[in-house]
Amino acid sequence: MAEAALGPSSSGSVVLDHGPGTGALVLHAPPELDGEEIEISRTADPTGVRTHSRVRRRDLPDRTQYAAVYPGLPAGDYVIWRDPSTRASRVTVAEAQITTAHWPR
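Everything numeric here is computed off the predicted structure, so don't read it as measured data. Throughout this description, residue numbers start from 1 for each chain and increase along the sequence as written. Restriction of local features to residues with pLDDT of at least 70 applies here, the model being predicted, together with a cutoff of 80 or more for giving and counting side-chain atom pairs; totals for whole chains, interfaces and linings are based on all residues. Where side-chain values are given, they derive from all heavy atoms of the structure, hydrogens and water being excluded.

**Q** Could you clarify how one ought to interpret the nonpolar core in this entry?
**A** For soluble globular proteins, nonpolar side chains are generally found buried alongside one another. Each nonpolar core is a collection of buried residues, namely Ala, Val, Leu, Ile, Met, Phe, Trp, Tyr and Cys, held together in the definition by side-chain atoms within 4.5 Å. Each residue is assigned to one of three classes by its accessible area relative to the maximum for its type, calculated with a 1.4 Å probe on protein chains only: buried under 20%, partly exposed between the two thresholds, exposed over 50%. Core analysis: the biggest nonpolar cluster contains 18 residues, and L25, L27, I38, Y70, I80 and W103 have the highest contact counts within it. Helix and strand assignments follow DSSP, with helices taken as H or I runs no shorter than four residues and strands as E runs no shorter than two, numbered in order from the N terminus. Broken down by secondary-structure element, the contributors of at least two residues to this core are strand 2 (22–29), strand 3 (37–42), strand 6 (64–74), strand 7 (76–83) and strand 8 (86–93). For this core, the element with the highest residue contribution is strand 6, accounting for four residues. We call two residues in contact whenever any of their non-hydrogen atoms come within 4.5 Å of each other. Once residues lying within four places of it in the same chain are set aside, the contact partners of I80 are L27, I38, E39, I40, R87, A88, S89, V91 and W103.

**Q** Would you take a moment to explain the sheet that holds strand 3 for this structure?
**A** One requirement defines pairing of two strands: DSSP has to find at least two bridges between them. Across the sheet, which stays open at both edges, the four strands sit in the order 4-3-7-8 with antiparallel pairing between neighbours. Of all the strands in the sheet, the pair left with one neighbour each is strand 4 (50–54) and strand 8. Taking each pair of neighbouring strands and ignoring which way they run, the sheet shows an average axis angle of 30°. Bridge analysis of strand 7 against strand 8 gives seven bridges, and the strand direction is antiparallel. Helix axes are fitted only over the stretch in contact, all axes being lines through C-alpha atoms; the angle between N-to-C directions runs from 0 to 180 degrees.

**Q** Even after reading the chapter, I still don't get the packing of aromatic side chains, so can you show me in this structure?
**A** Any aromatic ring pair is given by two values, namely how distant the centres are and how the planes are angled relative to each other. Two rings belonging to Phe, Tyr or Trp (six-membered ring only in the last case) form a pair when the distance between their centres is within 6.5 Å. Interplanar angles under 30 degrees mark stacking, angles over 60 mark edge-to-face geometry, and anything in between is tilted. Counted under the stated rule, the structure contains zero aromatic pairs. The ring centre of W81 lies 3.7 Å from the NZ or CZ of R50, which sits over that ring. Throughout this description, the term charge over a ring refers to an Arg CZ or Lys NZ atom that lies within 6 Å of the ring centre and within 35 degrees of the ring normal.

**Q** What exactly am I supposed to notice about the pattern of salt bridges here?
**A** Pairs can form between side chains of opposite charge once their charged atoms are near each other. Within this document, salt bridges are pairs made up of a side-chain nitrogen of Lys or Arg and a carboxyl oxygen of Asp or Glu, the two lying within 4 Å of each other. Tallying each qualifying case throughout the model produces four salt bridges. R57 is the partner of D59 in a salt bridge, and the nearest nitrogen-oxygen pair spans 3.1 Å. Salt-bridge contacts for D62 lead to R63; the nearest nitrogen and oxygen are separated by 2.9 Å.

**Q** Looking at this structure, how should I read the pairing of strand 7?
**A** A regular strand places its side chains so that they alternate between the two faces of the sheet. In the sheet, strand 3 pairs with strand 7 via three bridges, with the strands oriented antiparallel. Note on strand 7: the bridge partner recorded for I40 is I80. Hairpin connection from strand 7 to strand 8: two residues lie between these consecutive antiparallel strands.

**Q** I tried to follow unusual backbone geometry on my own but got confused; where do I start?
**A** The general pattern is negative phi for most residues beyond glycine and trans for most peptide bonds. Unusually for a residue other than glycine, A96 sits at a positive phi of about 60°. Tracing the backbone through its elements, the reader meets A96 in the loop between strand 8 and strand 9 (98–102). A96 gets classed as partly exposed once you look at its relative accessible area, which sits at 42%.

**Q** I tried to follow the environment of R105 on my own but got confused; where do I start?
**A** The topology assignment puts R105 in the segment after strand 9. Sequence-wise, R105 and P30 are 75 residues apart; in three dimensions their C-alpha atoms are separated by 8.8 Å. The residues touching R105, leaving out its near neighbours within four places in the chain, are P30 and E32.

Structure representation (structure tokens):
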């Protein structure tokens, strides 16, 4: 079953689950990645389970941005994947915090 493509989100419409042992990641992306799914995985297990999130347009009061959001991640180091076999970058998700990263150019 295919996932329905969601439209843009507005300010305050995304819940970022984080707390003891978990954090959240907001990955800012360029507009050309709108609608694409970006996978991440734990650095300690790069060939293991990956999680993904779709890049969506985020309409804020003063600007528009594009981002993929990963709530409720176990705190630790992650690989951001450019495609199924190419690493784009790495990021550390901090416990009880919202970590932000930017898609590498």
